[in-house]
Amino acid sequence: EAKIAVDPDKTLFRWASISKTVVGTVAARLATEGKLGLDKPIQTWLPGYPKPTTWVQPCKEGSKKWLGKTYACKSGWFTMPIGSKPAELTTRQLLGHLAGIAHYSNGLGNPSPPQALCNDPKTNTGVAWTLKYLQDKPLVRVPGVAYSYSTFGFNLAGVVLGKSQQSTLEALANKHVLVPAGMGSMAVDREWLKLADRAVGYVKVGDVILTEGSDDVSWKLPGGGYLSTVRDLGRYCRALGSGKLLSESAAKLAFSAQKTAAGKSTAYGLGFATGNRKGRGWVGHSGAQQKTLTRMRLYPKERLCIAIMSNSNWAPTKTLLYDAEDITRAALAGL
C-alpha cells in the first residue's frame, strides 16, 4: 500500500514453521557431539515437567474400547489413559512430531498463552513461561504411535535443548546456526521491537486485500518465531547443504525420516520434512503464519536450494517453488 518494493537484502519476512529446522539443526549438532541424549526422558533436564497420563480423541457419541476397558464419549471427547504408567517423552519424539503433543485446536483446550501476554515483554520473557499453558493438556496420540504435527512440541523441545546446555535455544541457535551461516538479518521476531524493514502482512477476503494484524511470535520461537531477509534464508539453506552447519553424521541424523512404533515412515526427521520429487530426495519445510507464507527446500545430493517468502496469505508458494526449481534446473542444464 506504501509502494515499497521488496529488497531481498533488507525486507524482513517471518519464517513461520521453517524455524523448526533451526531446532533440529541445533539438536543434531549437540547429539552427534555427545552433548545431548535424544532418547532420554525430557525430565532429565526438566524435572518439574509432569509426565502425561492421558490422551484424548474427538467423538460425537458412543464408546471406545481401549486397553481392555470401555470409555464413553463425554463432551465431545474420549479421555483415556496412555498406559499402565505415565509416558516418558523424549527429545527425538518431540522433534519428529511423534510425542502426541496437541497443536492449536486438535486437543482438549488450546495450549496458546493469551495473546495480550505474548505482546507484553513484561510477561513474555522467552519460551519457558508458555509451558504452563501446555503441561496440563492431555496428549492427542499415544507417544510413538503416529505422526501428529505440533508447534507446542517444538516449544517444549526448545526449552529442553536450552536446559540441557545451561543456556537458551536463542543463544544456542546464534552459536550453532546464525553466526556460522552468516545470517546477519536473522532475528527473533519480537513484536515490541521497531524494525524498519519488517514486511507488512496482507490477507485477501474475496477480492478485497486488507492489511493483517501483527502479534508477537517470539513466545513460540522454536516452532515459528524467526524472521530474516529471503537472501539470508537462502544462505541458511546453502549452509545446510555445504556441510558448514551439519557434519555428515549430523545431517544424516537430522534429515533421516523417523518411524512410528509400527515401523511406518513419518517423512519427517529432526525438524525437517523429507520427500522426493522426480526421483530426487529433498529435505526442508513450509511455513504458514500471520503475515507470511514460506517454503525452503534443499536437495542435499545436488546442493540445490530454493527459498520462497511471501507477506500474503494467498501466494501459491508450492507452485512458485516448483517453478523456481524447474527453471533453475533448465538453466543449469544449459550451461
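Attention in this report is confined to the structure presented alongside it.

Conventions adopted
Residues numbered from 1 in each chain as written. Predicted model: local features only at pLDDT ≥ 70, side-chain atom pairs only at ≥ 80, totals over all residues. Heavy atoms only, no water. Helix = DSSP H or I, 4+ residues; strand = E, 2+ residues; numbered from the N terminus. Contact = heavy atoms within 4.5 Å. Buried < 20%, exposed > 50% of the residue type's maximum accessible area, 1.4 Å probe, protein only. Pairing = 2+ DSSP bridges. Axes fitted to C-alpha atoms, helices over the stretch in contact; angles between N-to-C directions. Disulfide = S-S within 2.5 Å. Core = buried A, V, L, I, M, F, W, Y, C linked by side-chain atoms within 4.5 Å. Salt bridge = Lys/Arg side-chain N within 4 Å of Asp/Glu carboxyl O.

So, about the environment of glycine 213. Following the sequence through the fold, glycine 213 ends up in the loop between strand E8 (208–211) and helix H6 (221–224). Along the sequence, glycine 213 and lysine 291 sit 78 residues apart, while their C-alpha atoms lie 7.6 Å from each other. Setting aside residues up to four positions removed in sequence, glycine 213 forms contacts with Gln290 and Lys291.

We now examine unusual backbone geometry. With phi around 60 degrees, alanine 267 is a residue other than glycine that occupies positive phi space. On the secondary structure map, alanine 267 appears in the loop between helix H8 (248–255) and strand E10 (273–277). A relative accessible area of 34% places alanine 267 in the partly exposed class.

Attention now goes to the sheet that holds strand E11 (residues 280–289). An order of E10-E11-E12-E13 is seen for the four strands of this open sheet, with the pairing classed as antiparallel. With partners counted over all chains shown, the strands left at the sheet margins are E10 and strand E13 (304–310), one partner each. Going from strand to strand, the sheet's axes swing by 25 degrees on average, the running direction of each strand aside. Sheet topology note: the strand E12 (residues 292–299)/E13 ladder contains seven bridges and is antiparallel. Paired with methionine 296 across the strands is alanine 307, a residue of E13.

What follows covers the state of the cysteines. With the rule as written, the count across this model stands at two disulfides. The disulfide bridge from cysteine 59 ends at cysteine 73, spanning 2.1 Å between sulfur atoms. Handedness of the cysteine 59-cysteine 73 disulfide follows from its S-S torsion of about 95 degrees: it is right-handed. Remark: cysteine 73 occurs in the loop between strand E4 (69–72) and strand E5 (77–81) and cysteine 59 occurs in the loop between strand E2 (54–58) and strand E3 (63–66); sequence separation between them is 14 residues.

A few words now on the nonpolar core. Nonpolar side chains in soluble globular proteins tend to end up buried together. Residues Trp15, Ile101, Leu156, Tyr236 and Leu246 are the most contacted members of the largest nonpolar core, which totals 81 residues. If sequence neighbours within four positions are ignored, leucine 246 has contacts with Thr25, Ala28, Arg29, Leu240, Ala251, Ala254 and Phe255.

Our next topic: the pattern of salt bridges. Pairs can form between side chains of opposite charge whenever their charged atoms are close. This model, assessed by the stated rule, comprises 16 salt bridges. A salt bridge links lysine 35 to glutamate 33, with the nearest nitrogen and oxygen atoms 3.4 Å apart. According to the relative accessible area criterion, lysine 35 is partly exposed, its value standing at 45%. Exposure remark for glutamate 33: the relative accessible area of 40% places this residue in the partly exposed category. A salt bridge links aspartate 189 to arginine 198, with the nearest nitrogen and oxygen atoms 2.9 Å apart. A relative accessible area of 1% means that aspartate 189 is categorised as buried. Several salt bridges converge on common partners, so that one network encompasses Arg277, Lys278, Arg280, Glu302, Glu325, Asp326 and Arg329.

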